[in-house]
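Chain and residue survey
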Amino acid sequence: MIPDSRDSAAPGAADKFDDEHYPAYTMGRAAEMLDTTAGFLRSLDEAKLIEPQRSSGGHRRYSRHQLRIAARVRELVDQGTGLDAACRIVNLEDQLHEAQRLNAELRQSD
């Protein structure tokens with residue numbers, strides 16, 4: 001059944017499908033999607049690179065955004081980069097992208 005657009009609960013629920021920060025994936029599903037282990041995901045949590053939200057039962061839940069970060073780290077690790085270095089590279093890439101975004105925003109406001 002397709003939710004009725006007049007239903008007040010429908011827009012909020014539908015918005016979650018488009019929200020890349022909504023923690024929709026369990027650890028098992030995330031590991032399966034990334035073709036990695038739950039231990040790899042735990043190591044990213046321990047390194048403070050991604051901090052998944054917790055369900056009411058205490059289980060880790062990952063967003064699409066977090067899975068993209070984990071996939072990038074996995075790519076670097078698969079190329080022979082150590083986990084700590086891969087996490088640092090991803091952090092630096094993120095900082096660079098944010099600085100470029102702010103720079104472009106400032107240029108547009110001039």
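None of the values given here were measured: they were computed from a predicted structure. (Residues numbered from 1 in each chain as written. Predicted model: local features only at pLDDT ≥ 70, side-chain atom pairs only at ≥ 80, totals over all residues. Heavy atoms only, no water.)

What to know about the layout of surface pockets
Taken as a whole, the largest pocket encloses approximately 280 Å³ of empty space. Looking at the lining of the largest pocket, the elements with two or more residues in it are α4 (64–78) and α5 (83–109). Among the elements that line the lining of the largest pocket, the one with the most residues is α5, at 5 residues. (1 Å grid on protein atoms, 1.4 Å probe; cavity = no way out; pocket = protein on both sides within 12 Å on 5 of 7 lines; lining within 4 Å. Points joined across faces, edges and corners; volume = space filled by probe spheres on them. Helix = DSSP H or I, 4+ residues; strand = E, 2+ residues; numbered from the N terminus.)

A look at the environment of A38
Following the sequence through the fold, A38 ends up in helix α3 (residues 38–46). For A38, a relative accessible area of 24% corresponds to the partly exposed category. For the pair A38 and G28, spaced 10 residues apart in sequence, the C-alpha separation works out to 6.6 Å. Discounting residues that sit within four places of it in the chain, A38 has contacts with M27 and A31. (Buried < 20%, exposed > 50% of the residue type's maximum accessible area, 1.4 Å probe, protein only. Contact = heavy atoms within 4.5 Å.)

Here we look at α5
Here α5 spans 39 Å end to end across 27 residues, near enough to the 39 Å set by a 1.5 Å rise per residue. Residues of α5 that are buried sit in contact with α3 and α4. (Expected span 1.5 Å × (residues − 1).)

Structural notes on the pattern of salt bridges
What the rule picks out here adds up to 9 salt bridges. Residues R54 and D45 are paired through a salt bridge, measuring 3.9 Å at the closest nitrogen-oxygen approach. The closest approach of N and O atoms between R101 and E98, which form a salt bridge, is 2.6 Å. With a gap of 3 residues between them, R101 and E98 both fall in helix α5, about one helical turn apart. Within the structure, one salt-bridge network assembled from shared partners comprises D45, R54 and R60. (Salt bridge = Lys/Arg side-chain N within 4 Å of Asp/Glu carboxyl O.)

Re the packing of α4 against α5
Relative to each other, α4 and α5 sit at 130°, their axes nearing to 9 Å. The angle between α4 and α5 places the two elements in the oblique class. Note on packing geometry: the crossing formed by α4 with α5 is right-handed. Residues I69, R72, V73, L76 and V77 of α4 form the contact with α5, whose own contacting residues are L83, A86, I89, V90 and E93. (Axes fitted to C-alpha atoms, helices over the stretch in contact; angles between N-to-C directions. Parallel < 35°, antiparallel > 145°, perpendicular 65-115°, else oblique. Left-handed = near helix turned anticlockwise from the far one by under 90°.)

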